[in-house]
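# Summary of the model geometry
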Amino acid sequence: MISEKQKQALCTVLKQDFFLNLLSLSKKRKKDLYLVGGFLRDTFLGRQRARLDFDFALASEAISFARAFAKETKSGFVILDKEHGCARVVHKQCTFDFTDFRGKDLREDLLHRDFTINTLALQLPLKKDCSLSLIDYYKATHDLKQGIIKATSALSFEEDYVRILRAFSLSAQLQFTIDTKTLSLAKKSKKALLDVAGERLREELFKILDSGESLRYIQQLDAAGILSYVMPQIEVMRSLKQGPYHHLDVWGHSLETLRQCERLFVDIDKDSGLHSYLNEKICGERKRKQLIKLVCLLHDIGKPRAYEVKEGKTRFHGHERIGRDIAEVITGRLKLSTKEKFAIDTMIFWHLRPGYLADNKCVSERAKFRYFRDAAEEAVSILLLSVSDQRATRGPLANAVSRTKHEKVAFDLIAEYFQRKKEKKFVRLINGDDLIKHLKLPPSPLFKTILQEVEETQAEGKIKTRKQALDLAENIAAAARTPAKIKTSHA
């Protein structure tokens, strides 16, 4: 049932001090403990876990037991579900969940678990020789060997509708196939996802986005009609045709952008700077690359509202602003953090900017400065999104020459971004206080115009001293007092 290697891996974990404390407490309290769920599943599959998460089933008094374990090990303790007797203990890098049986015995309890592959159980403590006797009432080992995601019962989704999405996230994580009957049950229950807490949907969706082949599972969700109940706003993108630069409708293009993005991530993974950038954790365990993938699906979501045909040409003027607003509704429902929302807003709002830069004969220092200032930490995210977007655009008017130039500009800017990170931070020669103190200007919206022009001129290297900056500021202020306003260049 379980190999010698898997057995040794399991026993190594079970012999650690925190587990010995746990077993000692169970003996003292005369409580039978059953290790169940994901840890056993992954041990059986030989999967390594960055963080150890353990699930335990007890006949009763799980919360009391968990509280005592937390006290004994000086660990964090939180009640997850008082009604159903569920509590969590966090000890260093390990999480322990304790839950009362959902049924009269272990067999009934396991029947209430989501999928058969998560119904393996192991009674603790082990025998002295560390011999294992896994409890497998619902053919978990068979389905693990076959690579099948199968609902434990016909009522599995009704007990917790987030399991619909979890079927796909597990499929993505394990590269398993969802059982036909299970998929049918998921389709029948999909409307209930509208009432599932957004943060729970988020966790399963981001597990899918963490896969190197997330497009495959996003397409499966879409084909099953489930994705639209997670993000209803995507519906408006379907069947909306675009101009001759595109070969796909808006939704098809969005999926193709994700495909190109995943291919691009594979190509650049050996670059240590990009690897670290993409794998930076923005909130909790959620990484920047997952946010970029989500934006691939949402970057053109504003096009349906912006659609117009003018002089025979299809246009989507301002779709990036509209799309940012729509995306805020989605990220709000998914309960993303403020930092994540800002990153997504920034990517969508500026996703056309690299293309505009590539349209110029050359990219000026002022234009580069403006781009890095406006895009900030998401400068590289936007450039990678832009390359993926461009590669997903293969209509009759799209051409290899413009694509090559676009990519050269994008990758040159990516290289410059990392180079600038190594240099001293840009420091303004003057600030608002200087305008008040030295130029005797009253605070006003003019301050922004003056300071931006001064810092952009400084970035070009045309001014280098504080006096030069003050002189330029004075000239701008003087020009603003006359009908002929100062003109600034835009790229």
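Higher on the page you've got the structure.
Read on for a plain summary of the structure. Here the structure is a predicted model, which means the values were calculated and not measured.

The subject of this paragraph is the overall build of the chain. Secondary structure summary: the chain contains 25 helices and twelve strands in total. On the principal axes, the C-alpha backbone points of the chain span a range of 90 × 55 × 40 Å. Within the span of the chain, comprising 491 residues, buried residues form 50% of the whole. For the chain, the proportion of contacts with a sequence separation of at least 24, taken over those separated by at least 6, is 69%. Carbon together with sulfur atoms contributes 52% to the accessible area of the chain, which is approximately 24800 Å² in total. Taking the 87 positively charged and 65 negatively charged side chains of the chain as two groups, their mean positions are separated by 2 Å.

Pairing between side chains of opposite charge can happen when their charged atoms approach one another. Tallied over the full model, the rule gives 46 salt bridges. Arg 163 is the partner of Glu 159 in a salt bridge, and the nearest nitrogen-oxygen pair spans 3.6 Å. In this structure Glu 159 comes out as partly exposed when scored by relative accessible area, which is 37%. Arg 288 is the partner of Glu 280 in a salt bridge, and the nearest nitrogen-oxygen pair spans 2.6 Å.

Let us look at the side chain of Glu 378. You can see Glu 378 is positioned in the loop between helix 20 (365–375) and helix 21 (379–391). A polar atom in the side chain of Glu 378 sits 3.1 Å from the side chain of Arg 288. With sequence-adjacent residues up to four places away left out, Glu 378 is seen in contact with Tyr 277, Arg 288, Ala 343, Thr 346 and Met 347.

Once that is clear, we can look at the packing of aromatic side chains. To describe a pair of aromatic rings, you give the distance between the ring centres and the angle between the ring planes. Scanning all chains against the criterion turns up 22 aromatic pairs. Pairing Phe 19 with Phe 54 gives two aromatic rings, centres 5.0 Å apart and planes at 90°, and the pair type is edge-to-face. Of this pair, Phe 19 sits in helix 2 (residues 17–28) while Phe 54 sits in strand 2 (residues 52–58), placing them 35 residues apart in sequence. Arranged with centres 5.3 Å apart and planes meeting at 85°, the rings of Tyr 417 and Phe 418 form a pair that is edge-to-face. Judged by relative accessible area, Tyr 417 falls into the buried class, the value being 9%. Over the aromatic face of Phe 206 sits the side chain of Arg 286, whose NZ or CZ is 5.8 Å from the ring centroid.

Another point: the sheet that holds strand 4 (residues 86–91). The sheet built from six strands is open, its strands ordered 3-4-5-2-1-6 with mixed pairing. Each of the sheet's edge strands pairs with one partner strand only, and the pair in question is strand 3 (76–81) and strand 6 (121–124). Strand-to-strand twist across the sheet, computed as the mean angle between neighbouring axes with direction ignored, equals 25°. Helix 2 rests against strand 1 (33–36), strand 2, strand 4, strand 5 (94–100) and strand 6 of the sheet, and its axis sits at about 20° to strand 5.

What follows is about the packing of helix 23 (residues 432–439) against helix 25 (residues 466–480). Angle between the axes and distance between the axes are the two parameters that describe a pair of packed helices. As a packed pair, helix 23 and helix 25 sit with axes 11 Å apart at the nearest point and diverge in direction by 75°. In terms of orientation, helix 23 lies roughly perpendicular with respect to helix 25. Of the residues in helix 25, those touching helix 23 at Asp 434, Leu 435, His 438 and Leu 439 are Arg 466, Leu 470, Ala 473 and Glu 474. Of the residues that constitute the contact of helix 23 with helix 25, the class distribution is four nonpolar, one polar and three charged.

Pairing geometry for strand 3 and strand 4, over five bridges, is antiparallel. Along strand 4, the bridge assignment pairs Asp 81 with Cys 86. Counting the residues that bridge the hairpin from strand 3 to strand 4 gives four residues, and of these Gly 85 lies at a positive phi of roughly 65°. In textbook terms, the turn of a hairpin is the stretch between consecutive antiparallel strands, and for strand 4 and strand 5 this stretch comprises two residues, one of which, Lys 92, has a positive phi near 55°.

What follows is about unusual backbone geometry. The phi dihedral of Glu 61 falls on the positive side, at around 55°, and the residue is not glycine. Residue placement: Glu 61 occurs in the loop between strand 2 and helix 4 (62–73). Even without being a glycine, Glu 311 presents a positive backbone phi close to 55°. When you line up the elements, Glu 311 lands in the loop between strand 11 (308–310) and strand 12 (313–315). On the basis of relative accessibility, which here comes to 78%, the residue Glu 311 falls in the exposed class.

Each value, and the rule that gives it
Residues numbered from 1 in each chain as written. Predicted model: local features only at pLDDT ≥ 70, side-chain atom pairs only at ≥ 80, totals over all residues. Heavy atoms only, no water. Helix = DSSP H or I, 4+ residues; strand = E, 2+ residues; numbered from the N terminus. Buried < 20%, exposed > 50% of the residue type's maximum accessible area, 1.4 Å probe, protein only. Contact = heavy atoms within 4.5 Å. Areas by Shrake-Rupley, 256 points an atom, 1.4 Å probe, with all protein chains shown as cover. Lys, Arg positive; Asp, Glu negative; His and termini not counted. Charge placed at Lys NZ, Arg CZ, Asp CG, Glu CD. Salt bridge = Lys/Arg side-chain N within 4 Å of Asp/Glu carboxyl O. Polar contact = N/O pair within 3.5 Å; in protein donor to acceptor, adjacent residues only side chain to side chain. Phe/Tyr/Trp six-rings, centres within 6.5 Å; stacked < 30°, edge-to-face > 60°. Lys NZ or Arg CZ within 6 Å of the ring centre and 35° of its normal. Pairing = 2+ DSSP bridges. Axes fitted to C-alpha atoms, helices over the stretch in contact; angles between N-to-C directions. Parallel < 35°, antiparallel > 145°, perpendicular 65-115°, else oblique. Nonpolar A, V, L, I, M, F, W, Y, C, P; charged D, E, K, R; others polar.

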